[in-house]
Amino acid sequence: MSAFQIKEVPEEYDVVIVGSGAGGGMSAKVLTEAGAKVLMLEAGPHFDSSKGDMFKWNYSSPRRGAGTKERAFGEFDAAFGGWELEGEPYTRTKGTEFDWFRSRMLGGRTNHWGRISLRFGPNDFKRKSIDGLGDDWPISYDDIKPYYDKVDDLVGVFGSKEGIYNEPDGNFLPAPKPRGYELLVKKACDEIKIPVIPSRLSILTQPHNGRAACHYCSQCNRGCSTHSNFSSPSVLIGPALATGNLTILNGAMAREVTTDKEGKATGVSYVNKADGLDYHVKAKIVILAASACESGRLMMNSKSTVHENGLSNSSGVLGRYITDSTGASRSAIIPALLDGIPHNEDGVGGMHVYTPWWLDNKKLDFARGYHIEIWGGRHMPGYGYMWGVENSNKHLKSPDGTARPSGGGYGAQLKQDARTLYGATVGFSGRGESIARYDNYCEIDPNVVDKWGIPVLRFNYTWSDHEIKQVKHMQDTFEEILTNMGGIFTGAKPGPESNYGIAAPGRIIHEVGATRMGNDPKSSVVNAYCQAHEAKNVFVCDGGPFVSQADKNPTWTILALSWRTCDYIIDQMKQQNL
């Protein structure tokens, strides 16, 4: 791109943040409250969940809420985006797979997640010391614990004090009571010594920091109209705007971080989607918080005479060690729940109980653990609810006690089947830790650009035997629990032919890595404060710096790390080191 084609934004900011999700939102809040003038570049449009679709009935949609290309999780889901975006392709190396979910909107993917807010435990920061695989983090749980506490206090998370060493307790709000089907799950698990404890979700069960308590409509995925659950715009960006120090530029697709002759960042160039032109904004500090792989892509595309292989990439590690959680599911009809009487299932838009990892991997044939998410209940019916009555009613019996033929049915019998089966299915989803490997990576595809002319990512990712064996263990566990509940399985148990039903990498949307942290610039991209080794005024505040993943969702750690990084930035600015 020739320089004369780039329009220079006249104002210089203290900080430019690329991305507005968990890490970007936290960075904006902390830095603007410290007095910094901040510009936030967001590739998508503005979004205010108070004006969302929380209170719509599914029948108000001609598709009954079914997913669309733009909203993969349902027509009313809050996330604008999906695994495929028009004009924004990515590629994969032949023989590998990775599906990349992107959400182009203010708040990014914080508008779509289960609000499962788990701290990493002490062991999660030193896995190599425990099992010899991967690497230890350059920080410990004690380094980040104060920030987990601050995130708990700011955002609000419900849970219970359990005293489990690697599942650290937080500063919890009261947890909601288990629903009926969840009590059945707990009873079955208690009998086979699998723990079931209250969930830890960032949804308010009582008023907190000026936000209202959840009103139990259970439509969290649509964006909360009362801001009672966590999303970046609701909890972080709002206060940042209130300082008067934050400017948000929507529709700004970042192209590269610009640098001077010493390799220090001078700002960010971006494409304004409204007019298709390239602009450049100057800043003293650049924070990349566009999501792990997007920030990695941006750094790879930021080449210069100093950064010939991409920004802070003389090690060649940029783009390496990406991971996603493993994922697999199983469900069954529970006879005790058939023909259920109407009862109160009020609650948050997610599970009230879950199972943390409970076993010792030294006694197993795979290295890392998983947690179990529990689902079921009598939700608002919409497209696909009950996965098709025709797939379930064949497991019922006719009034005379004979076996029912398979098929859908219609009229009075269909209505009766729906009443009988409503809320009778219980399922489990496992979310496990995969091992970060050098040979799982993303890189720039030299032959493909997106519609803005920006080179795209090419993924190279495979599961190892550890992940496959872990998912087999998930399936065995799901079957044991459901069998103990008397479950009627509606589908066959996934076997080795499908790697036990393991989801394709990227499908769980927990990808981290690509800009990993470390003390040694020869084997990492950023230091323990998420500061680029080779450009001291560039920081990464998303999942990119993660050294390993843990069997927990990453958002709470992204928030804590971002806060810690911004405190470091403030300290370094005071010392005039930046």
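Cut-off values and rules
Residues numbered from 1 in each chain as written. Predicted model: local features only at pLDDT ≥ 70, side-chain atom pairs only at ≥ 80, totals over all residues. Heavy atoms only, no water. UniProt positions renumbered as here; feature names shortened; annotations may be inferred. Helix = DSSP H or I, 4+ residues; strand = E, 2+ residues; numbered from the N terminus. Rg over C-alpha atoms; globule rule 2.2 N^0.38 Å. Buried < 20%, exposed > 50% of the residue type's maximum accessible area, 1.4 Å probe, protein only. Contact = heavy atoms within 4.5 Å. Areas by Shrake-Rupley, 256 points an atom, 1.4 Å probe, with all protein chains shown as cover. Lys, Arg positive; Asp, Glu negative; His and termini not counted. Charge placed at Lys NZ, Arg CZ, Asp CG, Glu CD. Expected span 1.5 Å × (residues − 1). Pairing = 2+ DSSP bridges. Axes fitted to C-alpha atoms, helices over the stretch in contact; angles between N-to-C directions. Disulfide = S-S within 2.5 Å. Salt bridge = Lys/Arg side-chain N within 4 Å of Asp/Glu carboxyl O. Arc of directions from axis to C-beta. Parallel < 35°, antiparallel > 145°, perpendicular 65-115°, else oblique. Left-handed = near helix turned anticlockwise from the far one by under 90°. Nonpolar A, V, L, I, M, F, W, Y, C, P; charged D, E, K, R; others polar. Phe/Tyr/Trp six-rings, centres within 6.5 Å; stacked < 30°, edge-to-face > 60°.

Under the annotation held in an unreviewed UniProt entry, the protein carries the name GMC family oxidoreductase and is attributed to Imperialibacter roseus. The Sequence similarities (unreviewed entry) comment attached to the protein in UniProt states, word for word, "Belongs to the GMC oxidoreductase family."

(A) Seen up close, the overall build of the protein. Per the secondary structure count, the protein includes nine helices and 18 strands. Its C-alpha atoms give the protein a radius of gyration of 24 Å, within 12% of the compact-globule value 25 Å for 578 residues. Oriented by its inertia axes, the alpha-carbon framework of the protein measures out at about 85 × 50 × 45 Å. Within the span of the protein, comprising 578 residues, buried residues form 58% of the whole. Sequence separation of 24 or more characterises 73% of the internal contacts of the protein that already satisfy a separation of 6 or more. For the protein, the exposed area adds up to about 22900 Å²; of that, 52% sits on carbon and sulfur atoms. Of the charged side chains in the protein, 63 are positive and 66 negative; the average position of the first set lies 2 Å away from that of the second.

(B) Up close: helix α8 (residues 465–484). Counted at 1.5 Å a residue, the expected span for α8 with its 20 residues is 28 Å, and the 29 Å between its end C-alpha atoms agrees. Buried within α8 we find E467, I468, Q470, V471, H473, M474, Q475, T477, F478, I481 and L482. Packing partners of the buried residues in α8 comprise α4 (180–191), β11 (326–333), β13 (370–376), β14 (425–432) and β17 (488–489). Remark: G486 follows α8 within two positions and exhibits a positive phi of approximately 75 degrees.

(C) A look at the UniProt feature "domain: Glucose-methanol-choline oxidoreductase C-terminal" (unreviewed entry) in the protein. As annotated in UniProt, the feature "domain: Glucose-methanol-choline oxidoreductase C-terminal" (unreviewed entry) corresponds to residues 449–561 in the numbering used here. Along residues 449–561 the backbone is 24% helical and 11% strand, and the end-to-end C-alpha distance reaches 32 Å.

(D) Summary view of the sheet that holds β13. Pairing within the open sheet is antiparallel, and its six strands lie in the order β6-β12-β13-β14-β11-β17. Whereas interior strands pair on both sides, the edge strands pair on one side only; in this sheet they are β6 (197–198) and β17. Relative to β14, β11 is paired through eight bridges, and the arrangement is antiparallel. When the bridges of β14 are listed, G327 appears paired with R431. On the sheet, α4 packs against β12 (353–355), β13 and β14 and is oriented at approximately 140 degrees with respect to β13.

(E) Quick peek at the state of the cysteines. Counting across every chain of the model gives zero disulfides. No disulfide involves C224; its nearest neighbouring cysteine sulfur is the one of C220, lying 6.3 Å away.

(F) Region of the structure containing the environment of G25. Looking at the secondary structure, you find G25 in helix α1 (residues 22–33). Expressed as a C-alpha distance, the spacing of G25 and G238, which sit 213 residues apart in the sequence, is 9.2 Å. With near-sequence residues (within four places) excluded, G25 lies in contact with S20, M40, S232, L236 and I237.

(G) Molecular detail of the pattern of salt bridges. For the structure shown, the criterion picks out 36 salt bridges. The partner of R516 in a salt bridge is D135, and the shortest N-O contact between them spans 2.8 Å. Residue R516 is found in the loop between β17 and β18 (538–540), and its partner D135 is found in the loop between α2 (127–131) and α3 (141–155); the two are separated by 381 residues along the sequence. In this structure R516 comes out as buried when scored by relative accessible area, which is 3%.

(H) Representation of the sheet that holds strand β4 (residues 91–92) within the structure. Taken in spatial order, the three strands line up as β4-β16-β15 in an open sheet, and their pairing is mixed. Lying at the two open borders of the sheet, with one neighbouring strand each, are β4 and β15 (441–449). As defined by bridge partners, β15 adjoins strand β16 (residues 455–460) across five bridges and the pair is classed as antiparallel. Pairing of I444 across the sheet is with L457, part of β16. Contacting β15 and β16, helix α6 (residues 292–300) runs over the sheet at an angle of about 120 degrees to β16.

(I) A look at the UniProt feature "domain: Glucose-methanol-choline oxidoreductase N-terminal" (unreviewed entry) in the protein. The UniProt record annotates "domain: Glucose-methanol-choline oxidoreductase N-terminal" (unreviewed entry) at residues 213–302. End C-alpha atoms of residues 213–302 are separated by 44 Å, and the span's content is 22% helix alongside 37% strand.

(J) Just the pairing of strand β1 (residues 6–18), in detail. Examined bridge by bridge, β1 and strand β10 (residues 277–288) share nine bridges and lie parallel to one another. Paired with K7 across the two strands is Y279, which belongs to β10. By the bridge criterion, four bridges tie β1 to strand β2 (residues 38–42) in an arrangement that is parallel. By the bridge assignment for β2, V15 is matched with V38.

(K) Looking closely at the environment of K273. Secondary-structure assignment places K273 in the loop between β9 (265–272) and β10. For K273, a relative accessible area of 26% translates into the label partly exposed. Taking C-alpha positions, K273 is 20 Å from E11, a pair spaced 262 residues apart along the chain. Here K273 is in contact with A43, E88, G251, M253 and W452, once residues within four sequence places are set aside.

(L) Here's a closer look at α4. An ideal rise of 1.5 Å per residue puts 16 Å on 12 residues; α4 measures up with 17 Å between its terminal C-alpha atoms. Listed as buried for α4 are Y181, E182, V185, A188 and C189. All buried residues of α4 project into a common sector of 120 degrees when viewed along the axis, lining one side. The secondary structure elements touched by the buried residues of α4 are β12, β13, β14 and α8. Where α4 terminates, the next one or two residues include K193, which has phi positive at roughly 60 degrees.

(M) Spatial organisation of the packing of α1 against helix α5 (residues 232–242). As a packed pair, α1 and α5 sit with axes 8 Å apart at the nearest point and diverge in direction by 25 degrees. On the basis of the axis angle, α1 is roughly parallel to α5. As for how α1 packs across α5, the hand of that crossing is left-handed. Note on element contacts: α5 touches α1 through S232, V235, L236, I237, P239 and A240, opposite A22, G25, M26, A28, K29, T32 and E33. Looking at the contact of α1 with α5, its residues break down into eight nonpolar, three polar and two charged.

(N) Here's a closer look at the packing of aromatic side chains. The full count for this structure, using the stated rule, is 27 aromatic pairs. Where F98 meets F459, the ring centres are 4.5 Å apart and the plane angle is 10 degrees; that geometry is what we call stacked. A residue pair is termed long-range when its members are at least 10 positions apart, and F98 in the loop between β4 and β5 (102–103) and F459 in strand β16 qualify at 361 residues. The burial state of F98 is the same as that of F459; both residues are buried. Note on F539 and Y568: the rings are 6.4 Å apart at their centroids and 65 degrees apart in plane angle, and the pair reads as edge-to-face.

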